[in-house]
Amino acid sequence: MDTQTLARAMGNGLPMTEYERLVRPFNEALAAADCNTVERAAMWCAQVGHESGGLRHMEEIADGHAYEGRLDLGNTQPGDGRRFKGRGPIQLTGRGHYRRFGEWAQRKGHAPAADQFTANPALVGEPRWGFLAATYYWTVERPQLNALSEARDIEGATRAVNGGLTGLADRTDRWNRCLLLGSALLPAGSEIEKRLPYPRTQVIQDTEFNCGPASSQTVILARTGDLILESVLGSEMGTDQEGTDHIGLIAPVLNRYLPGADYRVSQMPNDPALPQQAQKLWDNVKHSIDSGYGVVANIVAPPGNYPRGVRGSTSPQYRGGTVFHYIAIMGYADGGGPRAFWVADSGFEPYGYWCSFEQMATLIPPKGYAAAAGSPPPELDAFPLPAGYYYGPFEGPRESISGRAGEPAAWIEGLRRWQLKAGVAVDGAYGEQTRLRAIEYQQAAGLRPHGHIGPITWELAFKDPYGVKIGTPDIWHQLLGTDGSGLPQIGGRTLVDAVATIGQHLGIAGFAPPPAHNDVLQRTDIDERLSDIWIQLVGNEGRGWPQIGGRTLVDAVATIGQHLGIDGFAPPPAHNDVPQRTNTNDRVLDIWIQFLGFDGRGWPQIGGRTLVDAVATIGQHLGIAGFAPPPAHNDVRQRTEIEERVTDIWIQLLGNDGNGWPQIGGRSLVDGVAEVGRKLQIPGFGL
């Protein structure tokens, strides 16, 4: 998009010199948001244009004092309201959002440090960072926006951005104007940036000589989701304290774990590399990444040629003379500057960075690399129906596919895959349960709730399987009450405050619930819901809750059991802060552990029990009818899939199929706590 096009898209409301100043960062943000079609770019321009008054406002006019103390925005420190007021064209607001934006910007290689914007919030008011904040919002906070744009759903996109339809007429006018501009709207350079997703927490190698197994572990984990121990991979490739001898030992191991990838070793014996060798490196890495497989490279880095971070990423902290090392190449960038590779580096902070293709072609010689030569596996998650068709009722038009006899088997199998992801009966037929689940997805995404499964509703299930987007509201309500107003059976309290009240009633030092319940703001954003759930279990920033003596919920229950003299209940002498999580997978795993213990083995401070069994044991000790914990804990299998973990958490709160737990008399966890309070004759418990 050039300056003239930007001016027309925004309505020519600013001096041309201002559009000249804004056009480059605007293009960069547009490209980073994957707005690479006319439909996406037009929707971006319409929504950003409306929200910013045609790019007039990159900072909120008010001073931000109204946000002071807003914990839902992450404003935990005095002055945060003004410090983290709305900035950027879509008004990034609150310490929490500034922090998450910074972490995203660092991961994406845009910013050198994750705390850049919490340390200097005013930066978000500058064009480059303000537009990138809009990219973060578009791709992370509202990931459905590009799909809505492709569907030309202006109402759905407006609901996603605004929460309602405020300003719809202006947004629609802008959108129609931008659609007429056609391909002139597209980002300059048509830059391609592709990175394979992989868990950043598993990159660092276990020993100083395990770079070969660690790099292979990252490649395998990214493709399969299976975490193979470095020690296992090392034994298979002959790694010892001298390292892994050569790249030829790694390719067979990758092929063993990634059948069909067809990893092949390419040597680069000439140093410097010949032009044809360098071009082959680019072509092989690009093919491997495009096929969904990372690349393992053996590099030699003398002090004068240590890898240098490009594209805004931080250079790794190589040291100690010439470094002989293995790395995983997990992405590439082409356009918008020099070509580059994204490196997952197991040995040196920050463990991830962009390295220019030109430098990589000097680092690998005289060694080699292993790249996948096979074809990409079939894309099972792609919407299986032709354009204009959808899954819907039997009595619908010809385009409504319901799984009836005579319809193509591949179409019916596609519906079965969606049902599996969506957590409903897998029968390949469009019935009432499937329709209602589709409506839940549509409502959660701000779409019109018609219940048909087209490309957008299909994608919602595969991007956010049942139990995460839809399951977390139930979990949130069980901890905080409907609408965050507390639960009536525990006197209008949250679960944490109910436990605090029981401890206070028993005279336990440090247990002091607040005098009255303060409603918690109802959440619609999935990350905010998960953050609330995490906080309810371990306290703000993982520091425990003041009303239960600075303890986590598990430790508070352990303290109550110890006070009652129950064998095996022995809380730790002091609270150890739980590391703050920003990644959705990590948060869900933490929550799973709080209910079930590490590896599903229960918690030692409550006698190796789960939280439910601990409440059952307390109830049995108090003589409550129906409270009968199992004689011994049965380990719960550790889950790797996020939707399985969320389902386990849901079950811990509500029982199998929501029918309560037999060990607490067929009650939910909250009702079990309420019954304990009622037995102790605490007012308001057990209603």
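Just so you know, these numbers come straight off a predicted model, no measurement behind them.

### Thoughts on the overall build of the chain
Along its length, the chain carries 26 helices and ten strands. Rg of the C-alpha trace for the chain: 27 Å, near the compact-globule value of 26 Å for 687 residues, within the 12% margin. Oriented by its inertia axes, the alpha-carbon framework of the chain measures out at about 80 × 65 × 65 Å. Across the 687 residues in the chain, those meeting the buried criterion constitute 53%. For the chain, the proportion of contacts with a sequence separation of at least 24, taken over those separated by at least 6, is 63%.

### Describing the pairing of strand β7 (residues 352–356)
Buried residues dominate β7, accounting for five of its five residues. Side-chain alternation along β7 places Gly352, Trp354 and Ser356 on one buried face and Tyr353 and Cys355 on a second face that is also buried. In the sheet, strand β4 (residues 309–310) pairs with β7 via two bridges, with the strands oriented antiparallel. Within β7, the position partnered with Val310 by the bridge is Trp354. Note that strand β6 (residues 340–344) and β7 share five bridges and pair antiparallel. The residue of β7 that forms the bridge with Phe341 is Cys355.

### What to know about the side chain of Glu230
Turning to its location among the elements, Glu230 is positioned in helix α12 (residues 230–236). In this structure, Glu230 is in contact with Ile204, Gln205, Asp206, Thr207, Asn210, Pro213, Ala214 and Gln217, ignoring residues within four places of it in sequence.

### Here we look at the confidence of the model for the chain
On average, residues of the chain carry a pLDDT of 86, and 91% of them reach 70 or more. Confidence, expressed as mean pLDDT per element, reaches its minimum in the chain at helix α19 (residues 471–480) with 68 and its maximum at strand β3 (residues 295–301) with 97.

### Observations concerning the nonpolar core
Nonpolar side chains tend toward joint burial in soluble globular proteins. Formed by 65 residues in total, the largest nonpolar core has its most connected members in Ile502, Ile560, Phe595 and Ile618. Going through the elements one at a time, α19, α20 (495–505), α21 (526–538), α22 (553–563), α23 (584–596), α24 (611–621), α25 (642–654) and α26 (669–679) are the ones with two or more residues in this core. Of all hydrophobic cores here, the second largest spans 59 residues; its members include Ala41, Ala160, Leu179 and Leu181.

### Things to note about the packing of helix α3 (residues 38–51) against helix α7 (residues 127–141)
In contact at an axis separation of 12 Å, α3 and α7 are set at 115° when each is read in the N-to-C sense. At the point where α3 passes α7, the crossing takes the right-handed sense. Facing Arg40, Met43, Trp44 and Gln47 of α3, the residues of α7 in contact are Phe131, Ala134, Thr135 and Trp138. Classifying every residue of the contact of α3 with α7 by side-chain character gives five nonpolar, two polar and one charged.

### Points about the pattern of salt bridges
For the structure shown, the criterion picks out 25 salt bridges. For Asp63, the salt bridge identified is with Arg82, shortest N-O distance 3.4 Å. Of the two residues, Asp63 sits in the loop between α3 and α4 (80–83) while Arg82 sits in helix α4, which places them 19 residues apart along the sequence. Of the residues examined, Asp63 reaches a relative accessible area of 35% and is grouped as partly exposed. For Arg82, a relative accessible area of 47% translates into the label partly exposed. For Asp80, the salt bridge is made with Arg83, and the minimal N-O distance between the two is 2.6 Å. Of the two residues, Asp80 and Arg83 are both situated in helix α4; the distance of three residues between them amounts to about one turn of the helix.

### Remarks on the pairing of strand β8 (residues 368–372)
The buried fraction of β8 amounts to five of the five residues, a majority that puts the element mostly inside the structure. Neither face of β8 is open: one carries Gly368, Ala370 and Ala372, the other Tyr369 and Ala371, and all of them are buried. Summarising the sheet, β3 and β8 pair through two bridges and their orientation is antiparallel. Counted as the bridge partner of Ala297 is Tyr369 from β8.

### Some thoughts on unusual backbone geometry
Residues Glu349 and Pro350 are joined by a peptide bond in cis, for which omega reads 5°. With respect to the element layout, Pro350 can be found in the loop between β6 and β7. A cis amide bond links Pro365 with the next residue in sequence, Pro366, at an omega value of 5°. Structurally, Pro366 can be placed in the loop between α15 (357–363) and β8.

### Description of the packing of aromatic side chains
Using the criterion set out here, one finds 22 aromatic pairs in the structure. Each ring, one from Trp282 and one from Phe357, has its centre 5.4 Å from the other, and the planes form 65°; the classification is edge-to-face. Separated by 75 residues along the polypeptide, Trp282 in helix α14 (residues 275–290) and Phe357 in helix α15 bring together distant segments of the chain. The same class applies to Trp282 as to Phe357, namely buried.

### Things to note about the packing of helix α16 (residues 409–422) against helix α17 (residues 432–444)
Remark: α16 packs on α17, axes separated minimally by 11 Å, with the N-to-C direction vectors making an angle of 60°. Taken as a pair, α16 and α17 cross one another with a handedness that is left-handed. Between α16, through Leu415, Trp418, Gln419, Lys421 and Ala422, and α17, the contact on the second element is made entirely by Thr434, Arg437, Ala438 and Tyr441. Looking at the contact of α16 with α17, its residues break down into five nonpolar, two polar and two charged.

Calculation rules
- Residues numbered from 1 in each chain as written.
- Predicted model: local features only at pLDDT ≥ 70, side-chain atom pairs only at ≥ 80, totals over all residues.
- Heavy atoms only, no water.
- Helix = DSSP H or I, 4+ residues; strand = E, 2+ residues; numbered from the N terminus.
- Rg over C-alpha atoms; globule rule 2.2 N^0.38 Å.
- Buried < 20%, exposed > 50% of the residue type's maximum accessible area, 1.4 Å probe, protein only.
- Contact = heavy atoms within 4.5 Å.
- Pairing = 2+ DSSP bridges.
- pLDDT = per-residue confidence, 0-100.
- Core = buried A, V, L, I, M, F, W, Y, C linked by side-chain atoms within 4.5 Å.
- Axes fitted to C-alpha atoms, helices over the stretch in contact; angles between N-to-C directions.
- Left-handed = near helix turned anticlockwise from the far one by under 90°.
- Nonpolar A, V, L, I, M, F, W, Y, C, P; charged D, E, K, R; others polar.
- Salt bridge = Lys/Arg side-chain N within 4 Å of Asp/Glu carboxyl O.
- Phe/Tyr/Trp six-rings, centres within 6.5 Å; stacked < 30°, edge-to-face > 60°.

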